[in-house]
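The lines below spell out each chain.
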Amino acid sequence: MKSFLIKSAIASGVVLSLATLTRPAMASSFTVSIENAGVQNAQLSNLVSSNVNTFTGQTAGYSANGFTSTIGTYDNGLIKDANLYGGAGGAGQYFDVDTNNGSVKTVSTLTLKNAQSYFGLWWSAGDASNVLTFLSQGKVVQTITTADVVSYIAGLANKASYYGNPNSTFANQDSGEPFAFINFYDVAGTFDQVQFTNVGGTGFESDNHTVATSYNNITGNVVTKAVPESSSLLGVFVIGFVGATSVLTRRVNKKSVLQLS
């Protein structure tokens, strides 16, 4: 038992160190909001020069070479038919990160046609292995994990409504994981790439990827505003702890370990 605790402490320290070195401070120019429970689309009337990639009609399957859409080019892309884990409206296709290629860590990158100041997506069946990263000219400007999403939802009055698939076809299935449409507003800059990372053998499911060059207002339930970079240190420690837990107890199947009561 003592040996196990020592190994656990070492693993935690390693992951925490890596998190401290590799996770950027929360970009002060980003505001994040979440639409009401069950909403799976952006408020398009609020967006300027917007485009949406619904993935519906796209051939299901994996493509290492990726594919081009109305908003940009995806590499290492995987398209799946709607199921309990994803597919806005409970039908059509959705985007996922390939988790069956033998890699411990898989990254799918969306390179946008033009720099944008807004990105929104229906983040479905969120689990501890999911990481979303925004880049501008190769530099990371924002990173968010499912742990962040769970924390945001926990502050909402109707937090329980965000858990489980909201579509009638798969109603309330996968009830231990969060489903939410999330808006990312870069209020003082732009980004030109979005990376979807999954660690382990679960999946990073999402749909209705939406971009806009600008917007009229911040809509949805605002869950985080601009913060000084130094105040993100606590978040680094949280990520380190979650990462260490994942290293020690990596899941084989998608099971929620994040829901807050």
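Note that the coordinates shown come from a computational prediction; the quantities given were computed from them, not determined experimentally. (Residues numbered from 1 in each chain as written. Predicted model: local features only at pLDDT ≥ 70, side-chain atom pairs only at ≥ 80, totals over all residues. Heavy atoms only, no water.)

1. Section: the environment of E177
Residue position: E177 is located in the loop between α2 (146-154) and β13 (180-186). In this structure the C-alpha to C-alpha distance between E177 and T146, which are 31 residues apart in sequence, comes to 9.6 Å. (Helix = DSSP H or I, 4+ residues; strand = E, 2+ residues; numbered from the N terminus.)

2. Examining unusual backbone geometry
In this structure, D174 takes a positive phi of about 55 degrees despite not being glycine. By the element assignment, D174 lies in the loop between α2 and β13. With relative accessibility at 15%, the residue D174 sits in the buried group. (Buried < 20%, exposed > 50% of the residue type's maximum accessible area, 1.4 Å probe, protein only.)

3. Here we look at the confidence of the model for the protein chain
Here the protein chain shows a mean pLDDT of 81. Residues at 70 or above account for 74%. The low-confidence segment residues 2-27, where pLDDT is below 50, has 31 contacts with residues more than four positions distant or belonging to other chains. Under a pLDDT of 50 for its full length, residues 228-253 has, in the predicted model, 34 contacts with residues more than four places off or in other chains. (pLDDT = per-residue confidence, 0-100. Contact = heavy atoms within 4.5 Å.)

4. Describing the sheet that holds strand β6 (residues 72-74)
In spatial order, the strands read β5-β6-β9-β14-β11-β12; together these 6 strands make up an open sheet with antiparallel pairing. The outermost strands of the open sheet, each flanked by one partner alone, are β5 (67-68) and β12 (139-145). In the sheet, β5 pairs with β6 via 2 bridges, with the strands oriented antiparallel. Considered in β6, the bridge of T68 is made with T73. Lying on the sheet, α2 is in contact with β11 (130-136) and β12; it crosses β12 at an angle near 60 degrees. (Pairing = 2+ DSSP bridges. Axes fitted to C-alpha atoms, helices over the stretch in contact; angles between N-to-C directions.)

5. Quick notes on α2
Of all 9 residues in α2, 7 are buried, a share of seventy percent or more. Taken residue by residue, α2 has T146, A147, D148, V149, V150, Y152 and I153 as its buried positions. Between the side-chain oxygen at the start of α2 and the backbone nitrogen of A147 there is a gap of 3.2 Å, and the oxygen is on T145. (Polar contact = N/O pair within 3.5 Å; in protein donor to acceptor, adjacent residues only side chain to side chain.)

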